[in-house]
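Listed below, chain by chain, are the residues.
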Amino acid sequence: MQFKKVTHVIFDLDGTLIESESIYEKIIDDIAKLYGKRYTEECQHKVLGTREPDTAKIVVQELGLPITPEEFLVLFRKNQETELAQTEMLPGAKELVTHLHKKGIPIAVATSASEKATQIKSKNHQDVFKLFHHIVCGSSDPAVKNGKPAPDIFLVCASRFSDNPNPSDCLVFEDAPSGIRGALSAGMQAVMVPEPHISEELRKPATLVLDSLTQFKPELFGLPAME
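The structure presented is a predicted model; accordingly, all values stated were derived computationally and were not measured.

A. Representation of the overall build of the chain in the model. When helices and strands are counted, the chain shows 10 helices and 8 strands. Relative to a compact globule of 227 residues, whose C-alpha radius of gyration would be 17 Å, the chain shows 17 Å and is just as compact. Overall, the chain is about 50 × 35 × 30 Å in size when its C-alpha atoms are taken along their principal axes. Counting over 227 residues, the chain shows a buried share of 53%. The contacts in the chain between residues at least 6 apart in sequence include a share of 67% that link residues at least 24 apart. Of the roughly 10,500 Å² of accessible surface on the chain, 52% is carried by carbon and sulfur atoms. Here the chain contributes 25 positively and 32 negatively charged side chains, and the mean placements of these two sets differ by 2 Å.

Quick look at the structure:
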């Protein structure tokens with residue numbers, strides 16, 4: 001398969017750079033249990049990649065919780081502060097980010113999370129996160145009008161590189177089907193590193209699918225090869 005050469009790289013955060021999806025599952029399941037409910041796999045699929053206000057609406061509606069999305073968010077954000085500081089970098093993430101930065105490739109993060117949640121998650125990994133040119137946080141950035149699968153966050157992220165590249169010159173790394181759709185509709189190529197439970201059907205739109213970032217070959221997209 002022929003891929004187009006790129007000059008800039010955008011990473012999603014949760015489930016792509018850091019292992020936080022299991023932590024989010026626990027946070028939401030703990031809230032659901034307060035009301036005798038269970039956070040189902042079906043609901044998890046709908047939540048994947050969404051901004052916090054959308055997450056709240058989906059969970060409350062899907063699980064039939066007797067609280068408002070606003071009340072859910074209060075509990076959600078309170079639990080985040082204690083749980084999210086424990087995140088680990090995913091295999092190959094640190095190596096790839098460090099390599100691209102060293103080779104002078106502009107890199108950034110486009111995450112649906114809020115700025116506060118992103119700060120908590122990245123606190124123990126500052127050696128990696130300081131390498132990014134910028135980080136766009138979809139849940140708290142006023143420029144991001146619509147969450148993934150809308151292209152907004154990726155277009156905003158591209159526009160904040162100092163040389164404002166064409167979207168077609170950007171490569172996106174994502175784990176969520178909604179993020180892949182958003183990146184493609186922004187006119188970018190999108191590499192998917194999905195959770196094992198993501199169906200073949202939902203993987204199909206991606207430009208390339210990998211089991212892990214350790215498998216990525218930058219030269220496929222005209223980027224400097226790993227050393």
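That was the structure; now back to the text.
B. Up close: the environment of phenylalanine 221. Turning to its location among the elements, phenylalanine 221 is positioned in the segment after strand S8 (208-209). Separated by 138 residues in the primary sequence, phenylalanine 221 and glutamate 83 have C-alpha atoms spaced 36 Å apart. Discounting chain neighbours no more than four positions away, the residues touching phenylalanine 221 are Phe3, Lys4, Lys5, Val6, Leu171, Gln189, Val191, Thr207, Leu208 and Phe216.

C. Quick look at the packing of aromatic side chains. Under the criterion given, the structure shown has 8 aromatic pairs. On the basis of an interplanar angle of 25° and a centroid distance of 5.9 Å, the ring pair of phenylalanine 216 and phenylalanine 221 is categorised as stacked. Assigned by exposure class, phenylalanine 216 and phenylalanine 221 land together as buried.

How each quantity is defined
Residues numbered from 1 in each chain as written. Predicted model: local features only at pLDDT ≥ 70, side-chain atom pairs only at ≥ 80, totals over all residues. Heavy atoms only, no water. Helix = DSSP H or I, 4+ residues; strand = E, 2+ residues; numbered from the N terminus. Rg over C-alpha atoms; globule rule 2.2 N^0.38 Å. Buried < 20%, exposed > 50% of the residue type's maximum accessible area, 1.4 Å probe, protein only. Contact = heavy atoms within 4.5 Å. Areas by Shrake-Rupley, 256 points an atom, 1.4 Å probe, with all protein chains shown as cover. Lys, Arg positive; Asp, Glu negative; His and termini not counted. Charge placed at Lys NZ, Arg CZ, Asp CG, Glu CD. Phe/Tyr/Trp six-rings, centres within 6.5 Å; stacked < 30°, edge-to-face > 60°.

These values are about where atoms sit, not about what they do.
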